[in-house]
Amino acid sequence: MDKLEVPIFYDDEPDFMEHDYLQDVEYEYEYEDVEKETLFELYQYCLRPTIYDTVLYLLPLFISTIIFRLCAYSQHISHKTFHILSILIGICNIYRYVAECLYTLLILCTISYVTLHIPKKYCKYVGIFLPSLFVITYCEFSMPSIIWHKVRGVVMTVAMKTISVGIDKSDTNNPPNIYAYMGYMFCSVTCLFGPWISYKDYISIRHVTNQDKWWILHIIQYALLSFLFLSISNCWAQWIINDTSWKWLLAYKDALSFRMSHYFISYIASSLLLLGGFPFALSTIVKPLQIELPHSLVHVVICWNVPMHFWLKTYIFRPSIKYLGKFGAVTMTYLTSALLHGLNFQLAAVLLSLGFYTYIEFQLRSLLANIFDACIASKKCIKAKCTHTYNTHNSWWVFLTNVMFSGLSIFHLAYLGLMFDTSELQETGYSYIHTIEKWSQLGFASHWVVFATYCIYFLMR
Amino acid sequence: MRLWVLIGALAVAINASIAEITRNKNRGRGSMWWGIAKAGEPNNFLPMSPASLHMDPTVYATLRRKQRRLARENPGVLMAVARGANQAIAECQHQFRNRRWNCSTKNFLRGKNLFGRIVDRGCRETAFIYAITSASVTHSIARACSEGSIQSCSCDYTHQSRAPSTTRDWEWGGCSDNIGYGFKFSREFVDTGERGRNLREKMNLHNNEAGRAHVSSEMRQECKCHGMSGSCTVKTCWMRLPNFRVVGDNLKDRFDGASRVMVSNSDRVRGNGNAIVSNSASNSVHGHREGLGRRHRYNFQLKPYNPEHKPPGPKDLVYLEPSPPFCEKNPKLGILGTHGRQCNDTSIGVDGCDLMCCGRGYKTQEVTVVERCACTFHWCCEVKCQLCRIKKTVHTCL
């Protein structure tokens, strides 16, 4: 072993003392700190793998959708065969992507189909909801959280479909046959990423071909946009807003990344819908521009998921407004939405907050619109039929007020969306503590602002 | 028969002694490649072609024979190594800007060590220098690899699953092997000459490995979930090469908690610090002969000097002897002393005037500095600034 006390000198610098380097020490190297990733690195490490992976991952889905389209448009196969093929393709897709929930879905569909045949006097309105809510609750508590968080969206879409069929049937009293029903439930186009489409839309794909000749261009456009949103969500957002920025900017970044991720999924779903042969009118799921530069929070809620909004409005809000009144109906709608999304505290907190926010914003803005006789209500005035004297075209302060409300909405959105971050929890679902912690970091600012807004409304009323 | 054995033994002995002589002559040359940082224009490598860097005798003088061979057989690496060396110096000077020893380099002269004779001592500072240079080469080679400027390192696009444990784990589609190449190359290039025969060489090897381990462990996979309303139906992942500042920060932390060691005989198998290398089988550094003996080089366990301490882990820095005082000028060790250094009169840390000036006191001057100020943004896209004269109070050690 070497002796420790004697330092080991390298012996090739005998002439060291002669050099007078000590006199002229210069710090001639001023290196700039390269804090940011270069564009090339971004491409290399983020953009390329992200896009490449996702394309590979989604390719089977697109291929199966093309097969579905061929089946749907083929006149040689009977309706029954088409529905059976649709079930088979759908089950293949579910098996490929979310095999964990296959049995759950089969059970849910079977139970709900059976409940369709229970005479109306035994099974009132609420009975239609019970199977879905039961299955969702069961999944929430029995499935491992990672798996449940993965399949949540799929189960939710099917639950929405069963409920919508149930309610439609209770009006017409004409239950669909089992093949068509199951074909609708497992329709490979919508089973994975949604959106909800109505039973009628599904059936009519066999009868009318109402796609224009540019359908393929629309598909490409949707697909390209979806990958653009994906790249923003994964890469650009992180690249533009540094991790050391101001906390509200960081909140905005996380929320932006979450929103972009939603656009990505929605646009993929849109392109799948078109590719599957559904009409162009159905394919608008989300309106990114309306959300990024929102007129009001109400608009954001509407544009966030158009089919879901339609579903909630038709099947929850309208029926319940008779019994519960307006505020009750709004609460009921958001509650149902939260239940459908799984009994997740974070989502429930965000959705219920959104419910109150939109309610207060709506009330205050319609009050203001009446008082000042100006187009500053939550809903945009239709240009030709504006009943107010002042609008954005003839007076600047209307425009300014609207811009202010937009800014307020952006602020609220950043606050509500920031907790869908890329932390460890993203795979298991975000916990109660995570939500409260994130919000308390920002001092619950947005909730206070809403409270203040409500006070203003209360005083003015 | 016996004669042959005798002759054979003799030949081996002679060979060994010759090797011993050359080794002694070349002692310390393992770290001479640092000098490559000052070859050519340091800030502006672009106009210089790789060929000219090849021919540059000052560059060649700093390299050992094996390093020259590596450079010859892997065109393009020399630039990356040079960039890495510069990056290491910059980072070292950044990390130590407020300390008595501020990682100063001397003007490069033939046959001299870039950081001066401080590296002759097996102290903490030396440990840091070795670790940061090795880390920097790994980092810089990996980056050059991904940029495609090293010919022998081709991107391996057949995506390999990195963690086959979970069910449908994510498979990376990107260039998966750069960091592995950087790691391997750094071992070949940086560790040349450190055979681990004596304690000092073991220390160097350990610190070099620690630097590399920091780079590869900071190379991280980031994932994001996509799905309806925040569910996780689709998961996409990507890789991020660490910002070198992060590596520098981590190494500085290890510097503060470095462990003093002596050697023990027990071999060990190194942990997961270099798991990434074993995964990457496709790329190989040209001219790379990995035998059992070379593997063996990294299998040693250093024993802590204080037996009550934990043995150092693969990412810890190790040193052999306490650091010399850096207060006074010591030409024998190449220490500049803190005379004339700027200090902070309000700080109580090492950059504060009390500690920095070693109690010698300091003088305070008012200096006018010309700075850019009142910058305004002009559409589009230009920032215009004015030059302001600002009076600053500067404290310098006596």
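As the structure is a computational prediction, the values presented were derived from the model and not from experiment.

Quick notes on the rules
- Residues numbered from 1 in each chain as written.
- Chains lettered and ligands numbered in written order.
- Predicted model: local features only at pLDDT ≥ 70, side-chain atom pairs only at ≥ 80, totals over all residues.
- Heavy atoms only, no water.
- Helix = DSSP H or I, 4+ residues; strand = E, 2+ residues; numbered from the N terminus.
- Buried < 20%, exposed > 50% of the residue type's maximum accessible area, 1.4 Å probe, protein only.
- Areas by Shrake-Rupley, 256 points an atom, 1.4 Å probe, with all protein chains shown as cover.
- Core = buried A, V, L, I, M, F, W, Y, C linked by side-chain atoms within 4.5 Å.
- Domains from an automatic or database assignment.
- Contact = heavy atoms within 4.5 Å.
- Phe/Tyr/Trp six-rings, centres within 6.5 Å; stacked < 30°, edge-to-face > 60°.
- Expected span 1.5 Å × (residues − 1).
- Patch = residues over 30% accessible without salt bridge, like charges linked within 9 Å, V, L, I, M, F, W, Y side chains within 5 Å.
- Salt bridge = Lys/Arg side-chain N within 4 Å of Asp/Glu carboxyl O.
- pLDDT = per-residue confidence, 0-100.
- Disulfide = S-S within 2.5 Å.
- Axes fitted to C-alpha atoms, helices over the stretch in contact; angles between N-to-C directions.
- Left-handed = near helix turned anticlockwise from the far one by under 90°.
- Nonpolar A, V, L, I, M, F, W, Y, C, P; charged D, E, K, R; others polar.
- Lys, Arg positive; Asp, Glu negative; His and termini not counted.
- Charge placed at Lys NZ, Arg CZ, Asp CG, Glu CD.
- Parallel < 35°, antiparallel > 145°, perpendicular 65-115°, else oblique.

Visitor: How should the overall build of chain A be read in this particular structure?
Guide: Assigned secondary structure in chain A consists of 16 helices and zero strands. A total of 461 residues make up chain A; the buried ones form 52% of that total. By element, 68% of the accessible surface of chain A is carried by carbon and sulfur atoms, the whole surface being about 22,400 Å².

Visitor: Quick question: what am I supposed to make of the nonpolar core here?
Guide: With 110 residues, the main nonpolar core has F68(A), C101(A), F193(A) and W311(A) as its most contacted residues. Here the element with the most residues in this core is helix α9 (residues 247-275) of chain A; it accounts for 15 residues. Looking at this core, you find at least three residues from each of domain 1 (77-208) and domain 2 (294-460) of chain A. Ignoring sequence-local partners within four residues, the contact set of F68(A) consists of F82(A), S86(A), I89(A), C187(A), S188(A), V189(A), Y202(A), I205(A), G276(A) and F278(A). In terms of nonpolar packing, the next biggest core, distinct from the first, is built from 66 residues, L63(B), F96(B), I141(B) and F255(B) among them.

Visitor: Looking at this structure, I do not really get the packing of aromatic side chains. What am I missing?
Guide: Given two aromatic rings, one states the distance between the centres and the angle between the planes to describe the pair. All names here are of chain A. Tallied over the entire structure, the rule returns 32 aromatic pairs over all chains. Summarising the aromatic geometry, the rings of W236 and W239 are spaced 5.8 Å apart at their centres and angled 85 degrees between planes, so their arrangement reads as edge-to-face. Remark: W239 and W236 occur in helix α8 (residues 215-240); sequence separation between them is three residues, near one turn of the helix. Owing to a relative accessible area of 25%, W236 belongs among the partly exposed residues under this scheme. In this structure W239 comes out as partly exposed when scored by relative accessible area, which is 21%. When the ring of W448 is compared with that of F451, the centres are 6.3 Å apart and the planes differ by 85 degrees; the resulting orientation is edge-to-face. Of this pair, W448 and F451 both sit in helix α16 (residues 445-460), separated by three residues, roughly a single helical turn. Residue classification places W448 among the exposed positions, given a relative accessible area of 57%.

Visitor: Even after reading the chapter, I still don't get helix α6 (residues 124-147) of chain B, so can you show me in this structure?
Guide: An α-helical turn contains 3.6 residues, so any two residues separated by three or four positions project in the same direction. All names here are of chain B. With 24 residues, α6 should cover 34 Å at 1.5 Å per step; its first-to-last C-alpha distance of 34 Å lies within 8% of that length. Of all 24 residues in α6, 22 are buried, a share of seventy percent or more. Looking one or two residues beyond α6, the residue adopting positive phi is G148, at roughly 80 degrees.

Visitor: I'm lost on a nonpolar patch on the surface in this one. Help?
Guide: Residue and element names in this part refer to chain A. A grouping of Y52, V55, L56, L59, I63 and I67 is seen on the molecular surface, where their side chains present a nonpolar patch of about 480 Å² in accessible area. Along the chain, Y52 falls in helix α1 (residues 39-73). The partly exposed category is assigned to Y52, whose relative accessible area is 31%.

Visitor: Explanation requested: the confidence of the model for chain B in the structure shown.
Guide: Regions with low pLDDT carry predicted coordinates that are not meant to be interpreted in detail. Residues and elements named next belong to chain B. Considering every residue of chain B, the mean pLDDT works out to 71; 67% of them sit at 70 or more. Note that pLDDT drops below 50 for residues 156-174; the model gives that stretch 46 contacts with residues more than four away or on any other chain. Note that residues 287-293 has pLDDT below 50 and, in this model, seven contacts with residues that lie over four places away or in other chains.

Visitor: Which parts of the structure should I look at to understand helix α5 (residues 77-95) of chain B?
Guide: Given a rise of 1.5 Å per residue, 19 residues ought to cover 27 Å, and the 26 Å separating the end C-alpha atoms of α5(B) matches this to within 8%. Within α5(B), 15 of the 19 residues are buried, which leaves the element mostly enclosed by the surrounding structure.

Visitor: How do you make sense of the pattern of salt bridges when you look at a structure like this?
Guide: Pairs can form between side chains of opposite charge whenever their charged atoms are close. Scanning the entire structure with this criterion turns up 13 salt bridges over all chains. The shortest N-O distance in the salt bridge between R259(A) and E292(A) comes to 2.8 Å. One end of the pair, R259(A), is in helix α9; the other, E292(A), is in helix α10 (residues 288-292), with 33 residues separating them in the sequence. Of the residues examined, R259(A) reaches a relative accessible area of 4% and is grouped as buried. One salt bridge connects R69(B) with E73(B), and the closest N-O pair in it is separated by 3.8 Å.

Visitor: What exactly am I supposed to notice about the confidence of the model for chain A here?
Guide: Here chain A averages 81 in pLDDT, and 89% of its residues register 70 or above. Across residues 1-35 of chain A, confidence stays below pLDDT 50; counting only partners more than four residues off in sequence or on other chains, it has 75 contacts.

Visitor: Just to check I follow, could you spell out the state of the cysteines for this structure?
Guide: Each disulfide consists of a covalent bond between the sulfur atoms of two cysteine residues. One pass over the structure, following the stated rule, counts four disulfides over all chains. Between the sulfur atoms of C92(B) and its disulfide partner C103(B) the distance amounts to 1.9 Å. On the sign convention where negative means left-handed, the S-S torsion of about 110 degrees between C92(B) and C103(B) marks this disulfide as right-handed. Note that C92(B) is positioned in helix α5 and C103(B) in the loop between α5 and α6, a separation of eleven residues in sequence. For C92(B), a relative accessible area of 0% translates into the label buried. Accessibility expressed as a relative area gives 0% for C103(B), which makes it buried. Cysteine C191(A) is unpaired, with the sulfur of C187(A) as its nearest cysteine sulfur at 7.2 Å.

Visitor: Can you walk me through the packing of helix α13 (residues 345-372) of chain A against α16(A) in this structure?
Guide: Packed helices, taken two at a time, are described by the angle their axes make and the gap between the axes. Residues and elements named next belong to chain A. Running from N to C, α13 and α16 cross one another at 35 degrees; their axes reach a closest spacing of 10 Å. Regarding α13 and α16, the two cross each other, and that crossing is left-handed. Contact residues: S353, Y357, I360, Q363, L364, L367, L368 and I371 in α13; S446, H447, V450, T453, Y454, I456, Y457 and M460 in α16. Taken together, the residues that form the contact of α13 with α16 break down as eleven nonpolar, five polar and no charged.

Visitor: Help me out: how do you make sense of unusual backbone geometry in this one?
Guide: With the exception of glycine, most residues fall at negative phi, and the peptide bonds are largely trans. If you check the backbone angles, D373(A) has positive phi at about 55 degrees while not being a glycine. Structurally, D373(A) is set in the loop between α13 and α14 (396-417). One non-glycine residue, C358(B), lies in positive phi territory at about 55 degrees. Along the chain, the position of C358(B) falls in the loop between α12 (353-356) and β7 (362-378).

Visitor: Sorry if this is basic, but what is going on with a positive patch on the surface here?
Guide: All names here are of chain A. On the surface, K313, R318, K326 and K379 cluster together into a patch of positive charge. Among the structural elements, K313 can be located in helix α12 (residues 306-340). Given the relative accessible area of 34%, K313 is considered partly exposed.

Visitor: How should the packing of α1(A) against α9(A) be read in this particular structure?
Guide: Residue and element names in this part refer to chain A. Taken N-terminus to C-terminus, the directions of α1 and α9 make an angle of 30 degrees; their axes are 9 Å apart at the nearest point. In terms of orientation, α1 and α9 fall into the roughly parallel class. Remark: the crossing between α1 and α9 carries right-handed chirality. Every residue of α9 that contacts α1 at T54, L58, L61, F62, T65, I66 and R69 is listed here: F264, I268, S271, L272, L274 and L275. Looking at the contact of α1 with α9 residue by residue, the classes come out as nine nonpolar, three polar and one charged.

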